[in-house]
Structure formats: C-alpha cells, structure tokens
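# Observations on chain architecture
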Amino acid sequence: KGEVTNLGQYKGVEVTKEDTTVSDAELDQRIANILQANPEVTEITDRPAQEGDTVNIDYVGMKDGEAFDGGTAEGYDLELGSGTFIDGFEDGLIGATTGEERSLNLTFPENYGNADLAGQAVVFDVTVNKIEEKKSAVLDDAFVQRVSDFSTVDEFRADTLSTLQSEKEQNAEQQLQNDAFQVAMDNSEFSVNEAAVDQLYENQLSYYENMFSYYGFTLESYAEMSGMTEDEFKDQLRKDSENGIKQQLLIDAIAEKEGLTIEDADREN
C-alpha cells in the first residue's frame, strides 16, 4: 500500500468543536418531519382507489404464463402515484374497489436491473385487499399519544428537543475526531502505492456500477442526480480511494510508534 514517509504531529492538534445549540427552527423542522412521517390513515370503503391512496394488494407477476421470481407478494402496501412499481402498475389500480381483481398487461423498461425481465411483456394479477387514505397529521395531544409514550404536546416537544440535542452532541464529537485525524494526515507525508490505489478504486467502481444497475441507474445518471459528471464522480471516487489508503497507513504508523496492536475488529470500528 505504501508508507508514511514523515509522521507529523498527531497528538495535541487543535480543532474546533461545532456549535451544538438546537435552534427553534431546527426543533420545528424535526417535528414537521415526524408529522410528515406519521400521517393520519383512514380506511376507505365508500369509493374506488385514487392517486395518493395506499392500497394493500396481493399480486402475481407472470411472463409467458409462468410466475417469475420476485414478482409475487401478499399484503403489500403500495401508494398509488409513488412510482415504486414499473410504469402502468399503479395507474392500473386507480379506480379499483376493495376486493376487486385486475390483470395488468405491462412491459418492464429496457434498462431494468434484472436482464431476464428487461424489456419483457408481463401480466400482473392483482387483488385489492384494502384502500387507505392519508391525511396530514396535526400536532395535538391525540397525535402525541398515537406516536409516542407521552400525553401532551409540551412533553413531546421537550423529548424531541432532548433527542435532537443528543444527536448534535454525538455528531459534533464524531466530527471533532474526524477533523483531528485529518489534521494529523495533513501534517504527514505519504508514499502511496499507485497499484493499490488503482485496485481499491476499481473495486469501488465495480461495486457502485453493480448497485446502480440493480436499481435501474447508470453511473452517468446517478452522477447527474448528485450534481456531477461521470468523470467528476470517478475522480472523486479515486481521491477517496487514495485517501482511504493514506488513512490506513497513518493508523498503522501511529500504532507502531505507540506500540499498539491493531486487530481486524479495531479496523472496522
């Protein structure tokens, strides 16, 4: 992997801890997030399903008359309009009523992650078990009692504030450690084995390409969603690979100087 050619100062380095004060705006935003994540859910029995509803469904997907792997489920909750399933699936259930069975003739997209299904015509036999409507939750005592062990809004706000404060303290402490380690890296000089960097980079690149492909993305499309070009994403990934090797070299050098033994479990922490 290389070596640390000059181990710089790593003890007593100066770093600044982040401010951990929780503002009213941060508390309000956290509570707003909790409200959004816990909408009021009402079962619908007097109308068909419409966009925005959640339908509980059983379904079987078939290609050439045979059920295909991963295409069958029971009791699945699907929000119509969420884009979770392939084009046509969710639209095909709009207007369905509880207990209704529908056959959906659909086609998987050409870039679908499973090559056996990409571009293939399939039929989904779907049964609608239940229809539910979601409405935005309101912060009141009833909501607090539904989502927590507390009884009042004041108790809930106080607990949320405490949780948020603890999170900020933990994050600030972790960032403090990261900053101190980065200063130690900046204070040191390295001779890095480029072949090791190349190998780590290629492994990471392959991992990301396979993961993106599984979810129907390309490396280029994911980079664009992250505000980068494909080349910029690759450049960042290679820098991260080189930095990762430098970090391991620095840890090894410090351990050797301090007479420490680094076990594999320690490296993972």
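Placed above this text is the structure.
Below, the structure is looked at part by part. (Residues numbered from 1 in each chain as written. Predicted model: local features only at pLDDT ≥ 70, side-chain atom pairs only at ≥ 80, totals over all residues. Heavy atoms only, no water.)

Turning to the environment of Ala 142, a few remarks are in order. Along the chain, Ala 142 turns up in helix α2 (residues 141-147). Between the C-alpha atoms of Ala 142 and Phe 124, which are 18 residues apart in sequence, the distance is 40 Å. (Helix = DSSP H or I, 4+ residues; strand = E, 2+ residues; numbered from the N terminus.)

As a further point, take the packing of helix α1 (residues 24-37) against helix α3 (residues 153-186). Where α1 meets α3, the closest approach of the two axes is 10 Å, and the angle between their N-to-C directions is 110°. When the axes of α1 and α3 are compared, the pair comes out roughly perpendicular. Together, Glu 26, Leu 27, Asp 28, Arg 30, Ile 31 and Ile 34 of α1 and Phe 156, Arg 157, Thr 160, Leu 161, Leu 164, Glu 167 and Lys 168 of α3 make up the contact between the two elements. Classifying every residue of the contact of α1 with α3 by side-chain character gives six nonpolar, one polar and six charged. (Axes fitted to C-alpha atoms, helices over the stretch in contact; angles between N-to-C directions. Parallel < 35°, antiparallel > 145°, perpendicular 65-115°, else oblique. Contact = heavy atoms within 4.5 Å. Nonpolar A, V, L, I, M, F, W, Y, C, P; charged D, E, K, R; others polar.)

Counted under the stated rule, the structure contains 15 salt bridges. Close ionic contact of Glu 132 with Lys 130 constitutes a salt bridge, the shortest N to O distance being 3.5 Å. In this structure, Asp 198 and Arg 238 form a salt bridge, with 2.3 Å as the shortest nitrogen-oxygen distance. Of the two residues, Asp 198 sits in helix α4 (residues 194-214) while Arg 238 sits in helix α6 (residues 230-258), which places them 40 residues apart along the sequence. The partly exposed category is assigned to Asp 198, whose relative accessible area is 34%. (Salt bridge = Lys/Arg side-chain N within 4 Å of Asp/Glu carboxyl O. Buried < 20%, exposed > 50% of the residue type's maximum accessible area, 1.4 Å probe, protein only.)

These results come straight from atomic positions and should not be treated as a statement about function.
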